[in-house]
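# Notes for the structure review
The residues making up each chain are set out below.
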Amino acid sequence: MTLFAAENIAINFGGIKAVDGVSFAVEPGEVFTIIGPNGAGKTTVFNLISRIYTPSEGRLLFEGEDITRLPPDRIAGLGIARTFQNIELFEHATVLQNLLLGRHAHRGGNAIADLLFLPGVRKRELAHREKVEQVIDFLDLQHYRDAMIANLPYGARKVVELARALCSEPKLLLLDEPSSGLNTEETEDMAFWIQDIKNDLGITVLMVEHDMTLVSEVSDRVLALNYGRMLAMGSPQEVQSHPEVVKAYLGG
Ligand code: ATP
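Remember, predicted model here, so these are calculated numbers, not experimental data.

Right, let's get into the overall build of the chain. The helix and strand inventory of the chain stands at ten helices and ten strands. Taken against the 2.2 N^0.38 rule, which gives 18 Å for 252 residues, the C-alpha radius of gyration of the chain at 19 Å falls within 12% of a compact globule. With the principal axes as the frame, the chain shows a C-alpha extent of 60 × 40 × 35 Å. Considering the chain as a whole, with its 252 residues, one finds that 48% of them fall into the buried category. Pairs at least 24 residues apart make up 68% of the contacts formed inside the chain by residues separated by at least 6 positions. Surface summary for the chain: the accessible area is close to 12300 Å², and the carbon and sulfur share equals 52%.

Written out as structure tokens, the structure reads:
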């Protein structure tokens, strides 16, 4: 079954059609990437999926369920996690504390039970801790575990943000420009992480990305947008050599 589908989605801001009749389906286990020049509508598509915006037309389906009008706080609980173009971590907390917050979507129970430390609470805490430690090992973050986010180099923060998203055990991981701000070596590392997330954890990835080397290395399929509209969809090679895509990137 298709994991996620956007059907003919659209949204306007003032007179601008930021997203205009976009449809695509993401299959389980694939890395699906959205590319396009600045202002093409890529981030807006992510904001529609995260339910920050509601489309004026079309539908969003997750595991066959219509999520077009679901409240944003229900999205994580479904198994959709997201990273941001501008990293959003708690600066004055440690890596470990940030990752424990990433378990938020899984926190059952209630505040009173937590306060009274009722049976079950400690067991749950240990399970959260164990999952977080697994993610720390998986992304090789042991060295940074107790470091304050504010003291970390930018590249390490990007990996921590990825780790936080993984801590929620998502079925669909939305990566918003994972290579932005990274140098060549860090971008190569990011490509490895994305491939490991797909191959070892079996998590489906929907990504917005500018770096074409990274896109070609990790994507199974690519969708190119321009002015909110679909230009081409297919393998990375097909899309990058598509005449309309070439023209859009050359500013034609
Ligand atoms: P970039 O690669 O520069 O991040 P993008 O492809 O992600 O670009 P979007 O940020 O989705 O593009 O923007 C698409 C269009 O919608 C742009 O013209 C942008 O100015 C406009 N836009 C996006 N969000 C808003 C908003 N909240 N209010 C008004 N206009 C918006």
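In the neighbourhood of the ligand, 15 residues make up the surrounding shell, with Gly39, Gly41, Lys42, Thr43 and Thr44 lying closest. Contact distances for the ligand include 2.8 Å between an oxygen atom and a side-chain N or O atom of Lys42. A distance of 3.0 Å is found between a nitrogen atom of the ligand and a side-chain nitrogen or oxygen belonging to Tyr53. When the free accessible area of the ligand is taken as 630 Å², the share hidden by the protein chains comes to 64%. When residues of the shell around the ligand are traced back to their parent elements, those giving at least two are strand E2 (16-26) and helix H1 (42-49). The leading source of residues in the shell around the ligand is H1, at three residues. Partitioning the shell around the ligand into residue classes produces six nonpolar, seven polar and two charged.

With that settled, the discussion passes to helix H6 (residues 154-167). Taking 1.5 Å of rise per residue, the 14 residues of H6 would be expected to cover 20 Å, and the 20 Å separating its terminal C-alpha atoms lies within 8% of that figure. Following H6 by one or two positions, Glu169 adopts a phi angle in the positive range, close to 50°.

Right, let's talk about the packing of H6 against helix H7 (residues 184-199) for a bit. One way to put it is that H6 packs onto H7 with a least axis distance of 11 Å and a crossing angle of 10°. Comparing their axes, H7 and H6 come out roughly parallel. Of the residues in H7, those in contact with Gly155, Lys158, Val159, Leu162 and Leu166 of H6 are Glu186, Met190, Trp193 and Ile197.

Turning our attention to a negative patch on the surface. Residues Glu185, Glu188, Asp189 and Glu217 make up a contiguous surface patch of negative charge. A per-element tally of the negative patch places H7 first, with three residues. Relative to the elements of secondary structure, Glu185 occurs in helix H7. Judged by its relative accessible area of 56%, Glu185 is exposed.

The element H1 is extensively covered by neighbouring structure, given that seven of its eight residues are classed as buried. Among the residues of H1, Lys42, Thr44, Val45, Phe46, Asn47, Leu48 and Ile49 are the ones counted as buried. Looking one or two places after H1, you find Arg51, whose phi comes out positive at around 70°.

Sheet architecture is open: six strands sit in the order E6-E7-E8-E3-E9-E10, paired in mixed fashion. Among the strands making up the open sheet, the edge pair consists of strand E6 (80-82) and strand E10 (229-234). Here the strands of the sheet are splayed against their neighbours by 15° on average, with no regard to which way each runs. Pairing of strand E9 (residues 221-226) with E10 involves five bridges; the strand directions are antiparallel. Looking at E10, one finds that Asn226 is bridged to Arg229.

Definitions and cut-offs
- Just so you know, the residues in each chain are numbered from 1, in the order the chain's sequence is written.
- Per-residue local features of the predicted model are confined to residues with pLDDT of at least 70, and side-chain atom pairs are confined, for both listing and counting, to 80 or more; whole-chain, interface and lining totals are unaffected and use all residues.
- Computation of side-chain values covers all heavy atoms of the structure but excludes hydrogens and water.
- Runs of H or I in DSSP of at least four residues are treated as helices and runs of E of at least two as strands, each being numbered from the N terminus.
- The size measure is the radius of gyration over C-alpha atoms, and the globule rule it meets is 2.2 Å times the number of residues to the 0.38 power.
- Relative accessibility under 20% of the residue-type maximum defines a buried residue, over 50% an exposed one, and the middle range a partly exposed one, all with a 1.4 Å probe and only protein chains included.
- Two residues form a contact once any of their heavy atoms are found within 4.5 Å.
- Residue-level accessible areas treat just the shown protein chains as cover; the underlying method is Shrake-Rupley with a 1.4 Å probe.
- Near residues are defined by distance, with any heavy atom within 4 Å of the molecule or strand qualifying the residue.
- Counting of polar contacts relies on pairs of N or O atoms within 3.5 Å, with two restrictions inside protein: one atom must be capable of donating a hydrogen and the other of accepting it, and residues adjacent in sequence are counted only when both atoms are side-chain atoms.
- Any residue outside Ala, Val, Leu, Ile, Met, Phe, Trp, Tyr, Cys, Pro, Asp, Glu, Lys and Arg is labelled polar, Gly included; the first ten of those are nonpolar and the last four are charged.
- An expected span of 1.5 Å times one less than the residue number is assigned to each helix.
- Fitting a line to C-alpha atoms yields each axis, with helices limited to the stretch in contact; the angle taken between N-to-C directions then spans 0 to 180 degrees.
- Roughly parallel refers to an angle under 35 degrees, roughly antiparallel to one over 145, roughly perpendicular to one between 65 and 115, and oblique to any angle outside these ranges.
- Note on patches: the residues involved have over 30% relative accessible area and no salt bridge, like charges join within 9 Å, and the nonpolar side chains Val, Leu, Ile, Met, Phe, Trp and Tyr join within 5 Å.
- By definition, a salt bridge exists where a carboxyl oxygen of Asp or Glu is found within 4 Å of a side-chain nitrogen of Lys or Arg.
- Counting rule for charge: Lys and Arg are taken as positive, Asp and Glu as negative, and neither His nor the chain ends is counted.
- All charge positions are set by atom: Lys at NZ, Arg at CZ, Asp at CG, Glu at CD.
- Two strands pair if DSSP finds at least two bridges between them.

Such coordinate-based values are descriptive only and should not be taken to indicate function.
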